[in-house]
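# Close look at the chain arrangement
Single-letter residue listing:
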Amino acid sequence: MISYEEARAKILAQIVSMPTKSMPLKRLLGHVSAEPVIARIDSPPFDNSAVDGYGVRLDDVSEASEQSPVSLALKETVRAGDVAAGNLAAGTAMKILTGAWVAPSVEAVVMREYCTEKDGAVLVGDCAELGANIRRRGKEFEQGKAVLPERQLLSPPVVALIASLGYKDFSVYRKPKVAVVTTGDELTKPGLVLMPGKIYDSNSYAIDSAVRCDGLEDVLILHAREQLAATKSALLRALRFADVVISTGGVSVGEFDFVKIALEELGVKTQLWRISIKPGKPVYFGIFDDIASGRRKYVFGLPGNPVSALVTYHLFVKPAIKKLRGLGDYADEMWLPARLTATVRKKPGRLEFVRGRVSSDGSSVVVEPATAQDSHMLSGLAGANALIYFPLDAGELPAGTIVKTQLLSWNS
Ligand code: AMP
Ligand code: MG
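Position labels on residues start from 1 in each chain and follow its written sequence. Following the order in which they are written, the chains are lettered starting with A and the ligands numbered starting with 1. Totals for whole chains, interfaces and linings use every residue, but because this is a predicted model, local features are given only for residues with pLDDT of at least 70 and side-chain atom pairs only at 80 or more, for both listing and counting. Excluding hydrogens and water, the side-chain values take into account all heavy atoms of the structure.

## Quick notes on the nonpolar core
- Within the largest apolar cluster, 43 residues are counted, with the highest numbers of intra-cluster contacts made by I207, I246, F300, Y313, F316 and F353.
- Each helix corresponds to a stretch of at least 4 residues labelled H or I by DSSP, and each strand to a stretch of at least 2 residues labelled E; elements are numbered beginning at the N terminus. Ranked by residues supplied to this core, first place goes to helix α7 (residues 306–324) with 11 residues.
- Viewed by domain, this core spans two of them, domain 1 (4–19 + 175–327) and domain 4 (335–407), each represented by three or more residues.
- The contact definition used throughout considers only heavy atoms, calling two residues in contact when any of these lie within 4.5 Å. In this view, I246 contacts V178, A179, V180, V181, I207, V211, F300, L302, Y313 and V317; residues no more than four positions away in its chain are not counted.
- Side-chain atoms within 4.5 Å are what join buried Ala, Val, Leu, Ile, Met, Phe, Trp, Tyr and Cys residues into a set we call a nonpolar core. Relative accessibility under 20% of the residue-type maximum defines a buried residue, over 50% an exposed one, and the middle range a partly exposed one, all with a 1.4 Å probe and only protein chains included. L239, V245, A262 and V299 belong to the second-largest nonpolar core, a separate cluster that totals 19 residues. Domain delimitation follows an automatic or database domain assignment.

## Quick look at unusual backbone geometry
- S43 connects to P44 through a cis peptide bond whose omega is -10°.
- With respect to the helices and strands, the residue P44 is situated in the loop between β2 (37–38) and β3 (48–49).
- Looking along the chain, the bond that leaves K278 and enters P279 is cis, with omega of -5°.
- Assignment of secondary structure puts P279 in the loop between β19 (277–278) and β20 (284–290).
- Notably, N133 is not glycine yet its phi reads approximately 60°, a positive angle.
- Within the secondary structure, N133 is located in the loop between β9 (121–124) and β10 (134–135).

## Here's the deal with the pairing of strand β17 (residues 244–248)
- The element β17 is extensively covered by neighbouring structure, given that five of its five residues are classed as buried.
- Here β17 shows two buried faces, one formed by V244, I246 and T248 and the other by V245 and S247.
- In terms of strand pairing, strand β13 (residues 178–183) meets β17 through five bridges, oriented parallel. Across the sheet, residue V178 finds its bridge partner in β17, namely V244.
- Where β17 and strand β21 (residues 295–302) come together, five bridges link them in parallel fashion. The partner of S247 across the bridge, within β21, is G301. A pair of strands is treated as paired once DSSP finds two or more bridges between them.

## Examining the packing of aromatic side chains
- Note on aromatic pairs: the rings of Phe, Tyr and Trp (six-membered ring only in Trp) are paired at centre separations within 6.5 Å, and the planes decide the class, stacked below 30 degrees, edge-to-face beyond 60, tilted for the rest. Tallying each qualifying case throughout the model produces nine aromatic pairs.
- Measuring from ring centre to ring centre gives 5.1 Å for Y4 and F353, while their planes differ by 70°; the resulting arrangement is edge-to-face. Here Y4, found in helix α1 (residues 4–14), pairs with F353, found in strand β24 (residues 351–360); they are 349 residues apart in sequence, far enough to count as distant. Accessibility classification places Y4 together with F353 in one group, the buried group.
- Aromatic pair F285 and Y298: ring centres 6.5 Å apart, planes at 5°, arrangement stacked. Separated by 13 residues along the polypeptide, F285 in strand β20 and Y298 in strand β21 bring together distant segments of the chain.
- With a relative accessible area of 0%, F285 lands in the buried category.

## Examining helix α3 (residues 156–164)
- Among the residues making up α3, those that are buried are V158, V159, L161 and I162. Along the axis of α3, the buried positions cluster into a sector of 160°, meaning they face one direction only. Exposed side of α3, more than 90 degrees from the buried face: P156 and P157 are the residues found there.
- Looking at the residues trailing α3, positive phi occurs at G166, about 95°. An arc is given here, and it is the one of the directions from the helix axis to the C-beta atoms.

## Section: the site of ligand 1
- Throughout, the term near means that a residue has one or more heavy atoms lying within 4 Å of the molecule or strand in question. Looking at ligand 1, there are 13 residues lining it, with E186, D201, S202, G250 and G304 nearest.
- Here a polar contact is taken to be a pair of N or O atoms separated by no more than 3.5 Å, where protein atoms must pair a possible hydrogen donor with a possible acceptor and residues adjacent in sequence count only if both atoms sit in side chains. Measuring from an oxygen atom of ligand 1, one finds a side-chain N or O atom of E186 at 2.5 Å.
- Separating an oxygen atom of ligand 1 from a backbone N or O atom of G250 is a distance of 2.9 Å.
- For accessible areas, the Shrake-Rupley method is used with a probe of radius 1.4 Å. Any residue's cover is judged against the shown protein chains and nothing else. A total of 490 Å² of accessible area belongs to ligand 1 in isolation, and the protein chains cover 76% of it.
- Classification used: nonpolar for Ala, Val, Leu, Ile, Met, Phe, Trp, Tyr, Cys and Pro, charged for Asp, Glu, Lys and Arg, polar for all others including Gly. Split by residue class, the shell around ligand 1 holds four nonpolar, seven polar and two charged.

## Regarding the sheet that holds strand β18 (residues 269–273)
- Ordered in space as β16-β13-β17-β21-β20-β18, the six strands form an open sheet in which the pairing is mixed. Across the chains shown, the open sheet's two edge strands, defined by having one partner strand only, are β16 (219–224) and β18. Along the sheet, successive strands turn relative to each other by an average axial angle of 20°, direction set aside.
- Most of the contacts of α1 go to β18, to which it runs at about 155°, and overall it touches β18, β20 and β21.
- Note on definitions: angles span 0 to 180 degrees between N-to-C directions of axes, and those axes are lines fitted to C-alpha atoms, for helices only across the stretch in contact. Against the sheet, α7 touches β17 and β21, its axis set at about 165° to β21.

## Comments concerning the pairing of strand β6 (residues 92–96)
- Taking burial as the measure, the five residues of β6 include four buried ones, the bulk of the element.
- Pairing geometry for strand β4 (residues 53–56) and β6, over three bridges, is antiparallel. When the sheet's bridge partners are listed, G55 is paired in β6 with M94.
- Of the pairings in the sheet, the one linking strand β5 (residues 70–78) to β6 comprises five bridges and is parallel in character. Bridging from a neighbouring strand, E76 pairs with M94 of β6.

Here is the structure:
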């Protein structure tokens, strides 16, 4: 069995980001950029006013104050979108609205709060400073500058930035398609009557939801009966459809665990199987070089136990999906310190990811281990928001220990 760290590194080393494509502005949100954001224009694109006010020459207002305002002839009004018709002659002012063009002869804009309009003139009650309230062309950045590197998640502000520079479309990484394959003849679709010995399928909903939390939309759900031929045919359909195949169950060493053998018979190359962690020991990872599409496909065989399936999804599949989506190596795996509120114990020899709830007691971060810790106890995971790292060699972490915790993906 290999260690958690080795398994993670091995998986990520195999993953190559998806091909890129051009995407219209309206659909950018949630994709990852495949080109840097380059300034196509200066920002701001022209000198403009930061306020509603009056454009003046400094000489005209040098003596102005609230008590003794200076009267200037009002020549024109420049609204946002307009260009000033003329230049500012001595003794005159022009009304300039927020975002409107500031002519080169305007030396400052005085806020309208300090001015009063009267009979075609304006009384200016403030001696302005040079450049006051003028947003200068190129002050934020100049045309040609790389404003943001590539491989950024396209969030609302990034989409806004791209739009503000006039791009109609932008290059992004394609999102991988996912197929989820459940195994197990005991599974019943929720909503149907539960016959003796059967359980409701929760894994297909769990993995479908987790994948959607990670920004993917194209998900095919399949079920394989517990026979080699049926397992092979479901996995083949999954491999044809998806870039990432995620199976649950049937990957351990039981007599009816056909996933690994089925995958190998289909030509999937096993990269690893069985990791020294709890939950999630039987995790499988393989790659499939699909001749038909010329694409490499990735297969994760997750354990059947519902908690193990979701925890191993979070630990291994999520970072792989991030890298596929273009988000880089995800080497930034974040473990945050928190103080344990209760003692936890285990047998030394396997790394354990204990489910817990991180919160703040006002001055420090604490983490409370969930009471339901077994791999089939979804309630423990459902009430948790984090994993606690319980090192391989350790047998006990007493209450008060500062432990490493990681927020679960669906919480971050
Ligand atoms: P397996 O790895 O196939 O032996 O499954 C381990 C445990 O997970 C068994 O108790 C299964 O009944 C359970 N299990 C497998 N698949 C699912 C599923 N889709 N939903 C809920 N439980 C499952
Ligand atoms: Mg099974």
